[in-house]
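Here are the chains, one letter per residue:
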Amino acid sequence: DTEVTQTPKHLVMGMTNKKSLKCEQHMGHRAMYWYKQKAKKPPELMFVYSYEKLSINESVPSRFSPECPNSSLLNLHLHALQPEDSALYLCASSQDRGGQPQHFGDGTRLSIL
Amino acid sequence: GNSVTQMEGPVTLSEEAFLTINCTYTATGYPSLFWYVQYPGEGLQLLLKATKADDKGSNKGFEATYRKETTSFHLEKGSVQVSDSAVYFCALSDRAYNTDKLIFGTGTRLQVFP
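Residues numbered from 1 in each chain as written. Chains lettered and ligands numbered in written order. Predicted model: local features only at pLDDT ≥ 70, side-chain atom pairs only at ≥ 80, totals over all residues. Heavy atoms only, no water.

*Asks:* What exactly am I supposed to notice about the environment of B:Leu102 here?
*Replies:* For B:Leu102, the location among the structural elements is in strand 11 (residues 99–104). Each C-alpha atom, one on B:Leu102 and one on B:Ser32, is 9.6 Å from the other, the two residues being 70 residues apart in sequence. Excluding residues within four positions of it along the chain, B:Leu102 makes contact with A:Tyr35, A:Gln102, A:Phe104, B:Phe34, B:Tyr36, B:Ala91, B:Leu92 and B:Ser93. (Helix = DSSP H or I, 4+ residues; strand = E, 2+ residues; numbered from the N terminus. Contact = heavy atoms within 4.5 Å.)

Right, here's the structure in full:
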């Protein structure tokens, strides 16, 4: 069982839809991350939140909009996505101190029609 | 910049065989090193970690030693099982903007047959 919970597990949406991915952790971690993973590739970092503030945006298109409402929750708002955005989206969290491991959720598998 | 290089897969082994997956890294400073495992349809699970030179991480029969002199962190297991079939990622932490970034290798698929 993972300690980082992501919902939904699967999402199919059209290019004009708006949807949100959700991530929750109750380990007291103060850093949270969004990754995108394509098949047979390693995860690619998208965003990092540290103490609920956006600290890293890896030049992600504006059709992806992250939000951190509190220290336990992380959302990723999706709008006007493209077929190439179909992927596994992973959330992770860690204690925000140097060299600490990140703990991953099981991801949301997103398909864009 | 920092980077991680892993051996190409897939690695195909019979049950109870010895496993080695090579990982080397390039880094400024002294990063922490990790092995993650990803089973089909799941997220990444931390398998083991090492935070300084000569540290040995171990878990579930897997081991890896942080070798500064050879900049390596090879994963080993003495006797693999079918249930070990998965993709294994080597990674290092890269502290940027006071927040850790993980730099991943390309991943190595392990297939274990009975």
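And the narrative resumes.
*Asks:* Just to check I follow, could you spell out the state of the cysteines for this structure?
*Replies:* Disulfides are covalent bonds that link the sulfur atoms of two cysteine residues. Residue and element names in this part refer to chain A. With the rule as written, the count across this model stands at two disulfides over all chains. The side chain of Cys-23 participates in a disulfide bridge whose partner is Cys-91; the two sulfur atoms lie 1.9 Å from each other. One quick way to see it: the torsion about the S-S bond of Cys-23 and Cys-91 is about -70 degrees, and its sign makes the bridge left-handed. Linking Cys-23 in strand 3 (residues 18–25) with Cys-91 in strand 9 (residues 87–94), this pair joins segments that are 68 residues apart in sequence. Accessibility classification places Cys-23 together with Cys-91 in one group, the buried group. (Disulfide = S-S within 2.5 Å. Buried < 20%, exposed > 50% of the residue type's maximum accessible area, 1.4 Å probe, protein only.)

*Asks:* I would appreciate a short explanation of the sheet that holds strand 8 (residues 73–79) of chain A in the present structure.
*Replies:* Two strands in a sheet stick together by hydrogen bonds in their backbones, pointing the same way (parallel) or opposite ways (antiparallel). All names here are of chain A. Reading across from one edge, 1-3-8-7 is the order of the four strands in this open sheet, with antiparallel pairing throughout. Two strands close off the open sheet at either side, each with one partner strand: strand 1 (4–7) and strand 7 (64–70). Sheet twist, expressed as the average angle between the axes of neighbouring strands with direction ignored, equals 20 degrees. Note: strand 7 against strand 8, five bridges, orientation antiparallel. Within strand 8, the position partnered with Asn-70 by the bridge is Leu-73. (Pairing = 2+ DSSP bridges. Axes fitted to C-alpha atoms, helices over the stretch in contact; angles between N-to-C directions.)

*Asks:* Teacher, can you tell me more about the pairing of strand 8 of chain A here?
*Replies:* Residue and element names in this part refer to chain A. The pairing of strand 3 with strand 8 spans seven bridges and is antiparallel. Directly across from Lys-18, in strand 8, lies its bridge partner His-79. Counting the residues in the hairpin turn of strand 7 and strand 8 gives two residues.

*Asks:* When you look at the packing of aromatic side chains in this model, what are you seeing that I'm missing?
*Replies:* Geometrically, a pair of aromatic rings is defined through the distance of the ring centres and the angle of the planes. Considering all chains together, one arrives at eleven aromatic pairs over all chains under this definition. Considering the side-chain rings of B:Phe34 and B:Tyr36, the 6.1 Å spacing of their centres and the 45 degrees angle between planes classify their relative orientation as tilted. Look at B:Phe34 and you get buried, because its relative accessible area is 0%. A centroid spacing of 6.0 Å and a plane angle of 80 degrees characterise the contact between B:Phe89 and B:Phe104, whose relative ring orientation is edge-to-face. Of this pair, B:Phe89 sits in strand 10 (residues 86–96) while B:Phe104 sits in strand 11, placing them 15 residues apart in sequence. Grouped by ring-pair contacts, the aromatic residues A:Tyr33, A:Tyr35, A:Phe104, B:Phe34, B:Tyr36, B:Phe89 and B:Phe104 constitute a single cluster. (Phe/Tyr/Trp six-rings, centres within 6.5 Å; stacked < 30°, edge-to-face > 60°.)

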